[in-house]
Amino acid sequence: PAIFVQATLASGTLYIWSGYGSSTWNGHTWEGVGSLLNISTVEEKATVAATGLVVTLSGIDPTLLANVLDEFEVCGPVKVFLGAFSSPGVLIANPICLWAGNLDVPTIDVGADTASISINCESRLIEMNVSVDRRYTDQEQQVDAPGDLAFSFVNSIQNQPVYWGQTPSDHI
């Protein structure tokens, strides 16, 4: 088995995998980081819930830490794929997307000779908890559908009396 991680950083997309050497798949060259890559347990629940995971890269030279942090981009997309090899260097076609979400806050652990970065990754379902700040106005409708007149008369009907079932002359 092999784990492939695709993460968008400031300078482009990072393609790494849990083996050694380079592996070509999906039109990209994935750099092997071996045991330096660690991924927390991927959870799936019976209910609709946002479950995150943690991607950890260890063995980083502490002098390069500033460069690594400059590359980090919060909310950049990240995908984790699960693949398998039938023999050394022969990847079974089409690894499956095991998890997809966005990069969150990194945690840095600096040792004497090496450092490790643990990057929290949040599921896209976390957006369910964010309220949508949109209104039913013509201005908001023009953002989604320029030229649409669906909400152009909303303001004029705000205080318009509506007679249901009878007209004002029937009140006599």
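As shown above, the structure is provided for reference.
Quantities reported herein were computed from a predicted structural model and do not represent experimental measurements.

Visitor: Which parts of the structure should I look at to understand the overall build of the protein?
Guide: Looking only at helices and strands, one finds two helices and eleven strands in the protein. Relative to a compact globule of 172 residues, whose C-alpha radius of gyration would be 16 Å, the protein shows 26 Å and is clearly more extended. Its C-alpha atoms put the protein at 90 × 40 × 35 Å along the principal axes. Taking all 172 residues of the protein together, the buried fraction comes to 24%. Pairs at least 24 residues apart make up 48% of the contacts formed inside the protein by residues separated by at least 6 positions. When the accessible surface of the protein is summed, it comes to about 11,600 Å², and 55% of that surface belongs to carbon and sulfur atoms. Positive and negative side-chain charges of the protein, numbering 5 and 18 respectively, have mean locations separated by a distance of 8 Å.

Visitor: Teacher, can you tell me more about the sheet that holds strand 4 (residues 28–32) here?
Guide: Pairing between the strands of a sheet comes from backbone hydrogen bonds, and it takes one of two forms, parallel or antiparallel. Ordered in space as 3-4-2-1-7-10-11-6-5, the nine strands form an open sheet in which the pairing is mixed. For this open sheet the edge positions go to strand 3 (22–25) and strand 5 (37–39), each flanked by a neighbour on one side alone. For this sheet, the mean angle separating the axes of adjacent strands, direction not counted, is 30°. As paired elements, strand 1 (residues 2–9) and strand 2 (residues 12–17) share six bridges and run antiparallel to each other. Counterpart to threonine 8 in the pairing with strand 2 is threonine 13.

Visitor: How do you make sense of a nonpolar patch on the surface when you look at a structure like this?
Guide: Together, Val48, Leu125 and Met128 give the surface a local cluster of nonpolar side chains, amounting to about 290 Å² of exposed area. Summarising the element assignment, leucine 125 is placed in the loop between strand 11 (115–123) and helix 2 (138–144). A residue is classified by how much of its surface remains accessible, and leucine 125, at 34% relative accessible area, is partly exposed.

Visitor: Hey, could you run me through the environment of asparagine 159 in this one?
Guide: With respect to the helices, strands and loops of the structure, asparagine 159 is situated in the segment after helix 2. Counting along the chain gives 147 residues from asparagine 159 to glycine 12, while the straight-line C-alpha distance between them is 53 Å.

Cut-off values and rules
- Residues numbered from 1 in each chain as written.
- Predicted model: local features only at pLDDT ≥ 70, side-chain atom pairs only at ≥ 80, totals over all residues.
- Heavy atoms only, no water.
- Helix = DSSP H or I, 4+ residues; strand = E, 2+ residues; numbered from the N terminus.
- Rg over C-alpha atoms; globule rule 2.2 N^0.38 Å.
- Buried < 20%, exposed > 50% of the residue type's maximum accessible area, 1.4 Å probe, protein only.
- Contact = heavy atoms within 4.5 Å.
- Areas by Shrake-Rupley, 256 points an atom, 1.4 Å probe, with all protein chains shown as cover.
- Lys, Arg positive; Asp, Glu negative; His and termini not counted.
- Charge placed at Lys NZ, Arg CZ, Asp CG, Glu CD.
- Pairing = 2+ DSSP bridges.
- Axes fitted to C-alpha atoms, helices over the stretch in contact; angles between N-to-C directions.
- Patch = residues over 30% accessible without salt bridge, like charges linked within 9 Å, V, L, I, M, F, W, Y side chains within 5 Å.
- Salt bridge = Lys/Arg side-chain N within 4 Å of Asp/Glu carboxyl O.

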